[in-house]
Amino acid sequence: MSKSGPPYPDYQRACGWTEASDLYPTHPRLTDVQTCDAIIIGAGYTGIGIARQLATLLPDSDIRVLEAETVGAGSPGRNSGFVLEHAFTATNPEAAGMLYQQYHTTQQEMREAGYQGAYTPKPQIFKGAATDRGMKNLSALARYLEKSGQPFEWMSADRMRSLTGSRYYRAGLNLPGNSLVNPYTLISNLAQSLPPTIRLYEMSPAVRLSKTSSGWLVTTPEGALQAPMVFLANNAFAASLGVGNAYSVKIFTYAGVSPPLPADLFASIAPEGHWGLLPAHRLGSTLRTTDDGRLLIRGFYGYEHEGNDSTRSYLEQSLFSRFPELRNYGLEKWWGGTTSLTANGAPLWGQLKKGLFASIGCNGVGILKGTLLGHQLANLAAGHPCMDVTGLMGKPGWMPPEPIRHIGFNMVSAVERRLAGDER
């Protein structure tokens, strides 16, 4: 199959959730040619979800997982650690309510396998609005949540201030049931908890995908695997294997974290304990506290390529506008990570060709969504009943080729940034 772009990003900066020692490989590289029953490309939330469910349904199968980097070094360990049960997008409110129940069940299962050492106890998670447009977005979301039967509660400016210590926000929507985690620890735990019958290879990027008479051949720099079934769980990087380029695009988003703050200062920004704030506008800034007394901010988007050092200033400006008392501390670390976006938020999901399965396009909410879609893809491949993904989430919209796609992204982003205003 034809290629588009590299098989994984070469990040410029280490992720702030990890130390260098954490990134040491714990699984071997693939260094020879082997056959098996199923190949999973990508050891993120979707890939781990596929592997776990497939091993449950087909316990005698030889299942292999290929990870391009060390587990957690890529996108799964670089996000801001929000585990969201709420379904903010779906084909209709009824579908959103059904997805909410599925996400709730998925989180309960994930707690057992991955939350030890990764979970922030009793956080409060909410949407926050700082502008008139943000308030309108919150009102529209509240109506949607009410129609779909998802729990929420309005929060006043005073209530927002009592939780965050900041006067920046005018109102919010409390979203019970969601969680905060250290994403690197979570994905590491999930990978370590896989059944011993599953073989996982690190530092083994899939660089070529070929159809054979008996199935599929996946080639890595030092070896190859052949199997009748292949699962693409590497999001927009599936385009490097010739799959999904017309429906998905790689977007870099950025996060920064303060140094550990003095106890009294941290208490002033978390008077009632840990919290996580999601923006009322999709290009707004996400913020959260961390277990070691820091404040994390995520925001800003870059198309296909990682940004330069000016990104740090952008993140700090957004942070200081909300918490001017942090000007003397700034950001100790900042880093980029990728997410895969589709034109309308719907995933490219299902059996694309005989024996070729894919789940591409997490659209920035990959922990529960990716895990659920992985479980369901395994059900589909094993011939077991599965969720109506297309009926609940829709089909991805077609994206034009380059350079039209890049021009369009820049135009839409410029408009959205203006509309976001102080939500950024």
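The structure we're discussing is the one just above.
A few points on the structure. Computed from a predicted model, the values in this text were never measured in an experiment.

## With respect to the overall build of the chain
(1) Moving on: For the chain, the count of helices and strands is 10 helices and 20 strands.
(2) Moving on: Over its C-alpha atoms the chain spans a radius of gyration of 21 Å, differing by no more than 12% from the 22 Å that the globule rule assigns to 424 residues.
(3) Moving on: Principal-axis analysis of the C-alpha atoms places the extent of the chain at approximately 65 × 45 × 45 Å.
(4) Moving on: Split into buried and exposed, the 424 residues of the chain put 58% on the buried side.
(5) Moving on: Across the chain, contacts joining residues at least 24 apart in sequence account for 77% of those joining residues at least 6 apart.
(6) Moving on: Averaged over its 37 positive side-chain charges, the chain has a centre that lies 6 Å from the centre of its 34 negative ones.

## Some remarks on the packing of aromatic side chains
For any pair of aromatic rings, the description rests on two quantities: the centre-to-centre distance and the angle between the ring planes.
(1) Moving on: This model, assessed by the stated rule, comprises 9 aromatic pairs.
(2) Moving on: Taken together, a centroid distance of 5.9 Å and an interplanar angle of 35° make the contact between Tyr254 and Phe300 tilted. Placement of Tyr254 in strand β14 (residues 248-257) and of Phe300 in strand β17 (residues 295-303) is noted, with a sequence separation of 46 residues between them.
(3) Moving on: Members of the aromatic cluster, each reached through a chain of ring pairs, are Tyr254, Phe300, Tyr314 and Trp334.
(4) Moving on: For Arg111, the ring lying beneath its charged end belongs to Tyr119, and the centroid distance is 5.5 Å.
(5) Moving on: Note that Lys211 overlies the ring of Trp216, its terminal NZ or CZ placed 5.3 Å from the centroid.

## Quick notes on helix α2 (residues 93-114)
(1) Moving on: Helix length check: α2 (22 residues) gives 30 Å between terminal C-alpha atoms against 32 Å at 1.5 Å per residue, within 8%.
(2) Moving on: Along α2, the residues classified as buried are Ala95, Ala96, Gly97, Leu99, Tyr100, Tyr103, Thr106, Gln107, Met110 and Gly114.
(3) Moving on: Tucked into the core, α2 has its buried residues touching β4 (82-83), α3 (132-148), β8 (179-180), α5 (183-192), α8 (366-382) and α9 (389-393).
(4) Moving on: In this structure Asn92 caps α2, since a side-chain oxygen of it lies 3.1 Å from the backbone nitrogen of Glu94.

## Here's the deal with the state of the cysteines
(1) Moving on: Inspection of every chain in the model, using the stated rule, returns 0 disulfides.
(2) Moving on: Not part of a disulfide, Cys15 finds its nearest cysteine sulfur in Cys362, a span of 15 Å.
(3) Moving on: By relative accessible area, Cys15 is classed as buried at 4%.
(4) Moving on: Between Cys386, a free cysteine, and Cys362, which holds the nearest cysteine sulfur, the sulfur-to-sulfur gap is 20 Å.

## Focus: the layout of surface pockets
Gaps between atoms show up when a probe of the same size as a water molecule is rolled over them.
(1) Moving on: Approximately 230 Å³ is the volume attributed to the second largest pocket.
(2) Moving on: Together, 17 residues line the second largest pocket, and Trp17, Asn182, Thr290, Asp291 and Asp292 are the ones closest to its centre.
(3) Moving on: Of the residues contributing to the lining of the second largest pocket, the split by class is 6 nonpolar, 5 polar and 6 charged.

## Considerations on the pattern of salt bridges
(1) Moving on: Inspection of every chain in the model, using the stated rule, returns 11 salt bridges.
(2) Moving on: In this structure, Glu19 engages Lys333 in a salt bridge whose closest nitrogen and oxygen atoms are separated by 3.9 Å. Residue Glu19 is found in the segment before β1 (33-35), and its partner Lys333 is found in strand β18 (residues 333-342); the two are separated by 314 residues along the sequence.
(3) Moving on: Looking at Lys333, the relative accessible area reads 23%, which means it is partly exposed.
(4) Moving on: Where Asp62 meets Arg199, a salt bridge forms, and the shortest distance between an N and an O atom there is 3.5 Å. Taken together, the positions of Asp62 in the loop between α1 (45-57) and β3 (63-66) and Arg199 in strand β9 (residues 199-201) put the pair 137 residues apart, joining distant regions of the chain.

Conventions used here
Residues numbered from 1 in each chain as written. Predicted model: local features only at pLDDT ≥ 70, side-chain atom pairs only at ≥ 80, totals over all residues. Heavy atoms only, no water. Helix = DSSP H or I, 4+ residues; strand = E, 2+ residues; numbered from the N terminus. Rg over C-alpha atoms; globule rule 2.2 N^0.38 Å. Buried < 20%, exposed > 50% of the residue type's maximum accessible area, 1.4 Å probe, protein only. Contact = heavy atoms within 4.5 Å. Lys, Arg positive; Asp, Glu negative; His and termini not counted. Charge placed at Lys NZ, Arg CZ, Asp CG, Glu CD. Phe/Tyr/Trp six-rings, centres within 6.5 Å; stacked < 30°, edge-to-face > 60°. Lys NZ or Arg CZ within 6 Å of the ring centre and 35° of its normal. Expected span 1.5 Å × (residues − 1). Polar contact = N/O pair within 3.5 Å; in protein donor to acceptor, adjacent residues only side chain to side chain. Disulfide = S-S within 2.5 Å. 1 Å grid on protein atoms, 1.4 Å probe; cavity = no way out; pocket = protein on both sides within 12 Å on 5 of 7 lines; lining within 4 Å. Points joined across faces, edges and corners; volume = space filled by probe spheres on them. Nonpolar A, V, L, I, M, F, W, Y, C, P; charged D, E, K, R; others polar. Salt bridge = Lys/Arg side-chain N within 4 Å of Asp/Glu carboxyl O.

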